[in-house]
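# Geometric and topological summary
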Amino acid sequence: MESYALLMAATLNAGTVLALAALGLLINEKAGIVNLGAEGMMLCAAIAGFATVVHTGNDLLGFAAGMGAGALLAGLFGLLVIWLGTNQYATGLALSLFGVGFSAFVGIGYVQEKLPTRMHFELPFLSDIPLIGPALFRQHPVVYGAVALAGGLIWFLYRTRTGLVLRSVGESPESAHALGYNVRRIRMAAVVAGGALCGLAGAYISVIYTPRWVEGMVAGKGWIALALTTFATWRPARVLLGAYLFGGVTMLQFHLQGTGVDVPSQLLTALPYMATIVVLALISRNPAWIRVNMPTSLGKPFHPGS
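Remember, predicted model here, so these are calculated numbers, not experimental data. Chains are numbered independently. Their residues run from 1 in the order of the written sequence. Since the coordinates come from a predicted model, pLDDT governs what is reported: local features require at least 70, and pairs of side-chain atoms require 80 or more to be given and counted, while whole-chain, interface and lining totals use all residues. No hydrogens and no water enter the side-chain calculation; it runs on all heavy atoms of the structure.

### Quick notes on the overall build of the protein chain
- Numbering goes from the N terminus for both helices and strands, where a helix is a DSSP run of H or I of at least four residues and a strand is a run of E of at least two. A tally of helices and strands in the protein chain yields 14 helices and zero strands.
- Reading the secondary structure of the protein chain in the N-to-C direction produces α-α-α-α-α-α-α-α-α-α-α-α-α-α.
- By the compact-globule yardstick of 19 Å for 306 residues, the protein chain fits well, its C-alpha radius of gyration being 19 Å.
- Dimensions of the protein chain along its principal axes, counting C-alpha atoms only, are 60 × 45 × 40 Å.
- Expressed as a percentage of the 306 residues in the protein chain, the buried residues total 49%.
- Of the roughly 14,500 Å² that the protein chain leaves accessible, carbon and sulfur atoms contribute 68%.
- Counted as positive: Lys and Arg. Counted as negative: Asp and Glu, with His and the chain ends omitted from the count. To locate a charge, the coordinates of NZ of Lys, CZ of Arg, CG of Asp or CD of Glu are taken. Within the protein chain, one finds 17 positive and 11 negative side-chain charges whose respective centroids are separated by 15 Å. It is over C-alpha atoms that the radius of gyration is taken, and the globule rule equals 2.2 Å times the number of residues to the power 0.38. Accessible area is worked out with a 1.4 Å probe on protein chains only. A residue is then buried under 20% of its type maximum, exposed over 50%, and partly exposed in between. Residue burial considers only the protein chains on display, and all accessible areas are found by Shrake-Rupley using a 1.4 Å probe.

Pasting the structure below:
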């Protein structure tokens, strides 16, 4: 019973990283922008957040630094793609490669650094409930924040005028422009907001999820988050569900190793990525279903003067 509670708690913890990054990318894609640089942004945010906590001892400042790093890199991406008209896919890949290299360079001096003792979080009374308490009510506040963020994003996208405008920019930027909306600024705001959430995910990895700095520690989670947006058909609630599903697959490898299952460790480590490939392959079998749910102008440039 205790092992299952720990597995559930670890699933929520791992899923939070994917949920934050995927929700940020969802905001981008709802505005019609594809950002393949999530991996690089998360790595830069991870070292920014870790270094900040090492020097200040304050987790909140670490999260703020991570969000700032993510937003800054996303802003650079937005400037190149939205205003200078560079290819979204090539620019995103370049951002990802830059983030991998830059974070490794900056983080050389922090490999041996250790963070202060972490504060233990739990909800009074609820955390004492057998099984459910340790699994659900002893999580870091960011875990609950990710759930609240998904709910807030549903309300924002489908219940507010601003959310409607954002979605219209992703569906038909020409029509939004004709109605007087500044498509470029709206897309830029969406890109920066998405980058900030990717940054928060990166900082969460190095400050809470795995409190240390190791080169390449994001380990493909940015790419899984990108796949999640398609898997969830661009719906926030499905993104959250998919994040916990993939988080469970990630943690299952450690659970199976701990129970002595005779399976090569390399195969268990590959489980999350194999699951990502299988899911994308299954979804790709029905292109019409993807087209119905995908923002119409996703990945397409917009030039107001054309």
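### Quick word on the side chain of His140
- Residue position: His140 is located in the loop between α5 (132-136) and α6 (141-159).
- For His140, a relative accessible area of 12% corresponds to the buried category.
- Once residues lying within four places of it in the same chain are set aside, the contact partners of His140 are Phe63, Phe121, Tyr204 and Ile208. Contact between two residues is taken to exist if any of their heavy atoms lie within 4.5 Å; hydrogens are not considered.

### A look at the nonpolar core
- By size, the foremost hydrophobic cluster in this structure holds 75 residues, and its most contacted members are Met42, Phe63, Tyr204 and Trp213.
- Every element with two or more residues in this core is listed here: α1 (2-30), α2 (38-56), α3 (59-83), α6, α9 (183-209), α10 (221-231), α11 (236-258) and α13 (271-284).
- The contact partners of Phe63, leaving out residues within four places of it in the chain, are His140, Val142, Leu200, Ala203, Tyr204, Val207 and Ile208. For our purposes a nonpolar core is just a set of buried Ala, Val, Leu, Ile, Met, Phe, Trp, Tyr and Cys residues, chained together by side-chain atoms within 4.5 Å.

### So, a nonpolar patch on the surface
- Together, Met8, Leu123, Leu126, Ile129, Ile132, Leu136 and Tyr144 give the surface a local cluster of nonpolar side chains, amounting to about 510 Å² of exposed area.
- Mapped onto the fold, Leu136 is located in helix α5.
- Judged by its relative accessible area of 31%, Leu136 falls in the partly exposed class. Exposure above 30% relative accessible area and the lack of any salt bridge qualify a residue for a patch; like charges then connect within 9 Å, and the nonpolar side chains Val, Leu, Ile, Met, Phe, Trp and Tyr within 5 Å. The term salt bridge refers to a pairing of a side-chain nitrogen on Lys or Arg with a carboxyl oxygen on Asp or Glu at a separation within 4 Å.

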